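What follows is the residue order along each chain.
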Amino acid sequence: MAYMDIRPEHPNGRVAVLLHGKNFCAATWENTIHVLANRGYRVIAPDQVGFCKSSKPQAYQFTFGQLASNTHALLKHLNISQVSMVGHSTGGMLAVRYALMFPKDISRLVLVDPLGLEDWQAKGVPYRTVDEWYARERGKTAEQIRAYEQKVYYANEWRPDYEPWVQMLAGMYRGPDADSVAWNSALLYDMIATQPVIYDLPRLTAPTTLMIGDKDVTAIGSDGAPTDVRAKVGHYPELGKAAAAAIPGAKLVEFPNVGHTPQLQDPAAFHKALLEALN
């Protein structure tokens, strides 16, 4: 696992762990890292196995339990026993699993537009095989990535500061390890689609804040679903309220005009809410 370990100039004695999403890397937390470090937090931002700068094995049992165990091993290696954990998108699913497996290690849990708040297959989204995902991922272009991100991540808005993250992802698909990137991406999509966290939310015990962009419409695999099924999934305002009600004592923060990625689309509002949630 590749990771960043950012030490603040004036430590407050607390550690924040930032968990990235499926089409993201630790680097996309850049602004959040600066905000937290300036407030005294030591920040740990890993690239999970299968992503970005970490290894991309050809054979691996990708589960959120395995990725949580990897992350726990990293923190143990760094002699860190107590953290505030912030998970975005797929990283939110991972943060839920981590909090269930290692509840005594979590002082605060922040879930930012987490996936898995609904069971897509139970709602009628067809299963897509790993080979089918792989065929879709091979040769993915910057244009395809940009179009998807504009619609889903940024609520049809586009700004120049989003482009580096498109090129970061597109560069992996056109680089020398493109086939490994596509294969691991396929394995990871299978993990996301088949391991929803909705059923586990009532078991969370950590103080939890759920942050939701109300324009988020993410629903993995729904592009292959019938029209009536597509119309039923990806309604984040409803999903966020239902998830907050399911998590004991959870607080819900909504960003009315923001898509899947509030930390990039409205960083001022997001970081204000994040610092409040971590206090």
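Notes on the structure follow. A quick note: this is a predicted structure, and the numbers were derived from the prediction, not measured.

With that settled, the discussion passes to the packing of aromatic side chains. Across all of its chains, the model carries 11 aromatic pairs by this definition. Their ring planes at 45° and their centres at 6.5 Å tell us that Phe255 and Phe270 sit as a pair that is tilted. Of the two residues, Phe255 is situated in strand S7 (residues 251–255) and Phe270 in helix H11 (residues 267–278); the sequence distance between them amounts to 15 residues. When its relative accessible area of 0% is taken as the criterion, Phe270 is described as buried. Among the aromatic residues, those joined into a cluster by ring pairs are Phe24, Tyr148, Tyr153, Tyr154, Trp158 and Tyr162. The ring centre of Tyr189 lies 4.2 Å from the NZ or CZ of Lys22, which sits over that ring. When the ring centre of Trp133 is taken as reference, the NZ or CZ atom of Arg128 above it lies at 4.6 Å.

One open sheet holds the 7 strands; their spatial order is S1-S3-S2-S4-S5-S6-S7, and the pairing between them is mixed. Where the open sheet ends on each side, the last strands, each with one partner, are strand S1 (2–6) and S7. Pairwise comparison of adjacent strand axes, ignoring direction, gives a mean angle of 15° for this sheet. Pairing analysis gives 5 bridges linking S1 to strand S3 (residues 42–47), with the strands arranged antiparallel. Across the sheet, the residue bridging to Asp5 is Ile44, located in S3.

Here we take up the environment of Thr129. Within the fold, Thr129 resides in the loop between strand S5 (106–112) and helix H4 (130–137). Taking C-alpha positions, Thr129 is 41 Å from Tyr41, a pair spaced 88 residues apart along the chain.

Applying the stated criterion across every chain yields a total of 1 disulfide. At a sulfur-sulfur separation of 2.0 Å, the disulfide partner of Cys25 is Cys52. The disulfide joining Cys25 to Cys52 has a torsion of about -90° about its S-S bond and is therefore left-handed. In this pair, Cys25 sits in the loop between strand S2 (15–19) and helix H1 (30–38) while Cys52 sits in the loop between S3 and helix H2 (64–77), placing the two residues 27 residues apart along the sequence. Cys52 sits in the buried class, given a relative accessible area of 11%.

Reading guide: rules and limits
Residues numbered from 1 in each chain as written. Predicted model: local features only at pLDDT ≥ 70, side-chain atom pairs only at ≥ 80, totals over all residues. Heavy atoms only, no water. Phe/Tyr/Trp six-rings, centres within 6.5 Å; stacked < 30°, edge-to-face > 60°. Helix = DSSP H or I, 4+ residues; strand = E, 2+ residues; numbered from the N terminus. Buried < 20%, exposed > 50% of the residue type's maximum accessible area, 1.4 Å probe, protein only. Lys NZ or Arg CZ within 6 Å of the ring centre and 35° of its normal. Pairing = 2+ DSSP bridges. Axes fitted to C-alpha atoms, helices over the stretch in contact; angles between N-to-C directions. Disulfide = S-S within 2.5 Å.

Don't take any of this as a statement about function, it's just geometry.
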